[in-house]
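Single-letter residue listing:
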Amino acid sequence: MGCECATTTLNIVKAIVTRCLFVLLCVVTTWRLVEVKGRNSYYYLLLLTLIPLLIEATFTLLKRKGAEFKWFSPSFFCFLVCTVPGIWLLELDKRNNPKTNQANSTNANLTIINGLTIQDPFADEANKWIEVLEQVLMLLLVFSRWILPKGEITRERLSQILLVYIALASDIIELFDLYEMEEVMKDTVLFHIILVTWTLSLVQFTLVLAGSKSRKSQAVMVAPMNTDAEQNIDEDYKVDRVEVLSLMLTLALQDVPFLFIRIYIIAYYRKMSNTLLFFAAKNALIIALQFYRVSIIVCGSPEKDVDNEGVIDEPSDPEQGHVGKCD
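Residues numbered from 1 in each chain as written. Predicted model: local features only at pLDDT ≥ 70, side-chain atom pairs only at ≥ 80, totals over all residues. Heavy atoms only, no water.

Turning to the confidence of the model for the protein, a few remarks are in order. Of all residues in the protein, 71% attain a pLDDT of 70 or more, and the chain-wide mean is 78. Taking the mean pLDDT of every element in the protein, the minimum, 36, falls on strand β3 (residues 218-222) and the maximum, 94, on helix α8 (residues 188-203). Counting contacts from residues 210-225, a segment whose pLDDT is below 50, to residues more than four positions away or on other chains yields 50 contacts. Taken as a whole, residues 318-327 scores under 50 in pLDDT and shows 32 contacts with residues more than four places along the chain or in a different chain. (pLDDT = per-residue confidence, 0-100. Helix = DSSP H or I, 4+ residues; strand = E, 2+ residues; numbered from the N terminus. Contact = heavy atoms within 4.5 Å.)

Here we come to the nonpolar core. One finds Trp198, Leu202, Phe205 and Ile265 to be the most contacted residues of the largest nonpolar core, which totals 58 residues. Ranked by residues supplied to this core, first place goes to helix α3 (residues 74-96) with nine residues. Excluding anything up to four places from it in sequence, Trp198 contacts Val84, Ile87, Trp88, Leu137, Ile172, Leu175 and Phe176. (Core = buried A, V, L, I, M, F, W, Y, C linked by side-chain atoms within 4.5 Å. Buried < 20%, exposed > 50% of the residue type's maximum accessible area, 1.4 Å probe, protein only.)

Let us now look at a nonpolar patch on the surface. Residues Tyr42, Leu45, Leu48, Ile51 and Ile55 make up a contiguous nonpolar surface patch of about 540 Å² in total accessible area. Inspection of the secondary structure assignment puts Ile55 in helix α2 (residues 50-63). Using a relative accessible area of 55% as the deciding quantity, one classes Ile55 as exposed. (Patch = residues over 30% accessible without salt bridge, like charges linked within 9 Å, V, L, I, M, F, W, Y side chains within 5 Å. Areas by Shrake-Rupley, 256 points an atom, 1.4 Å probe, with all protein chains shown as cover. Salt bridge = Lys/Arg side-chain N within 4 Å of Asp/Glu carboxyl O.)

Our next topic: the pattern of salt bridges. On inspection of all chains with the given rule, the structure shows 10 salt bridges. The closest approach of N and O atoms between Asp171 and Arg262, which form a salt bridge, is 3.1 Å. A residue pair is termed long-range when its members are at least 10 positions apart, and Asp171 in helix α6 (residues 155-175) and Arg262 in helix α10 (residues 241-268) qualify at 91 residues. On the basis of relative accessibility, which here comes to 0%, the residue Asp171 falls in the buried class. Of the charged contacts, one joins Glu182 and Lys186 as a salt bridge, the two residues approaching to 2.8 Å between their closest N and O atoms. Of this pair, Glu182 and Lys186 both sit in helix α7 (residues 182-186), four residues apart, roughly one helical turn. Note on accessibility: Glu182 and Lys186 belong to one class, exposed. Among the charged side chains, a salt-bridge network with shared partners connects Asp171, Glu174, Arg262 and Lys282.

What follows is the structure, given as structure tokens:
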């Protein structure tokens, strides 16, 4: 009883800390937007988007004792609703008013202490603020998934999810490096397509589909009339619909659109930087590997794989079984 109470208390503390971090980043993003827009307090209305997050936090703490849902994370969804609009407006302002943005940033970050003028390191480049906010957003998504109460998620599944999140985050962060190209900044349609693609790629963080139950290697005793062993083999090779759905969502929300954007820039604007080529090749390779993985899950044959591992379906000696490994 005492252990269960301590676990519940720890879950509640983790849930509160995570949502406080969400609120903090949203407030900082909104504050930065107000500063960029000439301290126009009208943009503080974006803080109203915190209301769904506060409602979700109240429900989770009171009804679920801080535990997360199994397949969907409403806290992540509400967090993105709070933060993404502010980043959108910052990116649009950077494109539409680059000189004004830089001037406002420089003037707003000068501080005089004892006759010395100290300049905020972010004041050198207004774009640094946006980059930091975008990177902190991605890091916070990964970190929050780590410390949040697992709910119905196993530790093995959570570790797989975190590794997937880190890989996804690195690619998503790099997407905004395309804005360093003058041609991309001048292309209004492409500029907005990148923003929309970035936003859609964040949706996958609200879904807890990655890292489904893995197939573990195990020794299987094969003997005549041993139907239990056959059922175990069949169970290991059942089509994992959750994993297939996870792979398809990753392709649709990130790898495929990212690849198309990079190929378009390479082909249309004749940009051949090493970074652009690397990430384009990376996306293409991931797409090929993901389809290969899906084909194995959907079309894999249990009997064929077992035979390849050296398992004999019918031992020559009826009184002696053979041991083999089945993945």
